[in-house]
Amino acid sequence: MAELAGAFAASHAPLIAREWETLTPPTKKKIVTAFGDMKARIEALSPDILIVLAPDHWVNFFLDNLPAFCIGVGTEHGGPPEPFLAPKFPHKAMAGHPEFARHLAETAFEKGFEPSLTYDARLDHGFCIPLWQLNLDPLPAIVPIFVNELEEPMPTVARCFDWGRMIAAAIETYPDDLRIAMLGSGGLSHSIGEPTMGKIDEPFDRNCIDLFSRADETEIAGTLTRALPTVGNGSAEVRSWVIAHAAMGCQGFELIDYEPVPEVYVGCGWAEWRKSAQSGDS
Amino acid sequence: MTDYWLSKMMFDLQKSGDVQAWRADREPFLAQYPISEEMKQAVRDDDIAAIAPHVNAYLLRFYCGICGMEDAEFIAHLRRMPAPEKTANG
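A short tour of the structure in this document, coming up.

What about the overall build of chain A?
- When helices and strands are counted, chain A shows eight helices and 10 strands.
- Viewed in the frame of its principal axes, chain A has a C-alpha envelope of about 45 × 40 × 40 Å.
- Within chain A, counting contacts between residues at least 6 apart in sequence, those at least 24 apart form 85% of the total.

Structure below.
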């Protein structure tokens, strides 16, 4: 039987790659240290599969067909097409895990979701900036899950809790002995292409961290649902964190680091949900 | 209100990477899409304030990059716009 060994979350500001050579040393050190810490934690879990949750930034999908959730079920996934990231990224393609991805899709349908599927995903900076910085060795099979965190209407926060629980159920019911880790990519606060572009809402970010540390699902969903329309549009990506949080049973959150980084326009956060911190693990 | 065809043109530009042709002459691109004359003129004029309410914010950012606009200039355009009552992320 498969096991969800742990879950993580990390920011994916494109300027981390686009401006990498010119970022100030303290910013670079902060990013390298946080991702280095996360790399050690993930590699200690020896995952066979890494489920990565991120939005698609107009690479695979457009307004003619925009899924709320989409599962990458292909044998492999293409690397980032962005010119600022492709030359830096060490993989032209990444192996998928079509058997588990198919099981995940079937579980979703059984549990009242109708996600779209893709056999031919390109993974943009939302997926690949964390993977680039983590530089996992070996790179586990990647099962990408696209979450619409970019264009309204988006999945509600409550629905993201349900989606996270569905993923956990799919892992529990997969018959093979696989160790699976999860990475929610995105957030925390940022504002892109709107009048507040560049603004980081640190109180919102600190509140998110506090909520994941102590609050129940009702409080998190209520608070985020009220707050998200009032903070920068990129903050919508906190849904990736919510899904990871729900998959881990809403327990075990541990902040690795947080720093508002104006250089990359993002309140950058790194976190782990530790299975060992949970009670009643199966 | 989302302008589908204006968004489609920006999406196609991003996909094709046809940056130099776009920067040299926008008219052949504009002619391919049923975009309103008002929006075509906004594109010709780099009137970001007129365009922004009708396209996704991330798509707009990519588009302005294709036009050769640095972030500082893009942000200056955005700052001159009235702040929305709510951002589109709920």
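Comments concerning the overall build of chain B
- Secondary structure summary: chain B contains seven helices and zero strands in total.
- In sequence order, the secondary structure elements of chain B are arranged as α-α-α-α-α-α-α.
- The C-alpha atoms of chain B give a radius of gyration of 13 Å, which matches the 12 Å a tight globule of 90 residues would have.
- In terms of its C-alpha atoms, chain B occupies a principal-axis envelope of roughly 35 × 25 × 20 Å.
- Looking at the 90 residues of chain B, the share that counts as buried comes to 29%.

Some thoughts on helix H5 (residues 157-172) of chain A
- For H5(A), built from 16 residues, the straight-helix expectation of 22 Å at 1.5 Å per residue is met to within 8% by its first-to-last C-alpha distance of 23 Å.
- Those residues of H5(A) that fall on the buried side of the exposure criterion are A:Val157, A:Cys160, A:Phe161, A:Trp163, A:Gly164, A:Met166, A:Ile167, A:Ala168, A:Ala170 and A:Ile171.

Quick word on unusual backbone geometry
Residues and elements named next belong to chain A.
- In this structure, the amide linkage connecting Asp137 to the following residue, Pro138, adopts the cis form with an omega of 5°.
- As for its position among the elements, Pro138 is in the loop between helix H4 (125-134) and strand E7 (141-147).
- Here the residue pair Gly187 and Leu188 is connected by a cis peptide bond, since its omega of -10° sits within 30 degrees of zero.
- Here Leu188 is to be found in the loop between strand E8 (179-185) and helix H6 (202-214).
- Positive phi outside glycine occurs at Ser46, with the angle close to 45°.
- Positionally, Ser46 belongs in the loop between helix H2 (25-45) and strand E2 (49-54).
- In this structure Ser46 comes out as exposed when scored by C-beta crowding, with 11 C-beta atoms within 10 Å.

Regarding H4(A)
Residue and element names in this part refer to chain A.
- Within H4, 10 of the 10 residues are buried, which leaves the element mostly enclosed by the surrounding structure.
- Within H4, burial applies to His125, Gly126, Phe127, Cys128, Ile129, Pro130, Leu131, Trp132, Gln133 and Leu134.
- Buried residues along H4 sit against strand E1 (3-10), helix H1 (15-18), H2, E2, E7 and E8.
- Asn135 sits one or two positions beyond H4 and adopts a positive phi of about 45°.

Some remarks on the sheet that holds E1(A)
All names here are of chain A.
- Spatially, E6-E3-E7-E2-E8-E1-E10-E9 is the arrangement adopted by the eight strands of the open sheet, whose pairing is mixed. Only two strands of the sheet have a single neighbouring strand rather than two, namely strand E6 (116-118) and strand E9 (253-261). Each strand axis lies, on average, 20° off the axis of its neighbour in the sheet, ignoring direction.
- Summarising the sheet, E2 and E7 pair through six bridges and their orientation is parallel.

Considering the environment of B:Asp47
- Checked against the element boundaries, B:Asp47 lands in the loop between helix H4 (37-44) and helix H5 (48-51).
- Residues B:Asp47 and B:Arg61 lie 14 residues apart in sequence; the distance between their C-alpha atoms is 13 Å.

Section: the nonpolar core
- A:Phe8, A:Ile51, A:Ala244 and A:Ala247 are the most contacted members of the largest nonpolar core, which has 89 residues in total.
- Every residue in contact with A:Ala247, bar those within four places of it in the chain, is listed here: A:Leu4, A:Ala7, A:Gly164, A:Arg165, A:Ile167, A:Ala168 and A:Met182.
- Grouped together as the second largest cluster of nonpolar side chains are 25 residues, A:Phe61, A:Ile192, A:Met197 and B:Ala42 included.

Re the pairing of E9(A)
All names here are of chain A.
- Bridging between E9 and strand E10 (residues 266-273) involves eight bridges; their strand directions are antiparallel. From the neighbouring strand, Glu254 faces E10, where its bridge partner is Glu272.
- In this structure, the hairpin formed by E9 and E10 is closed by a connection of four residues, where Tyr265 is found at a positive phi of approximately 70°.

Calculation notes
Residues numbered from 1 in each chain as written. Chains lettered and ligands numbered in written order. Predicted model: local features only at pLDDT ≥ 70, side-chain atom pairs only at ≥ 80, totals over all residues. Helix = DSSP H or I, 4+ residues; strand = E, 2+ residues; numbered from the N terminus. Contact = placed C-beta atoms within 7 Å. Rg over C-alpha atoms; globule rule 2.2 N^0.38 Å. Buried ≥ 20, exposed ≤ 12 C-beta atoms within 10 Å, placed from the backbone. Expected span 1.5 Å × (residues − 1). Pairing = 2+ DSSP bridges. Axes fitted to C-alpha atoms, helices over the stretch in contact; angles between N-to-C directions. Core = buried A, V, L, I, M, F, W, Y, C linked by C-beta atoms within 7 Å.

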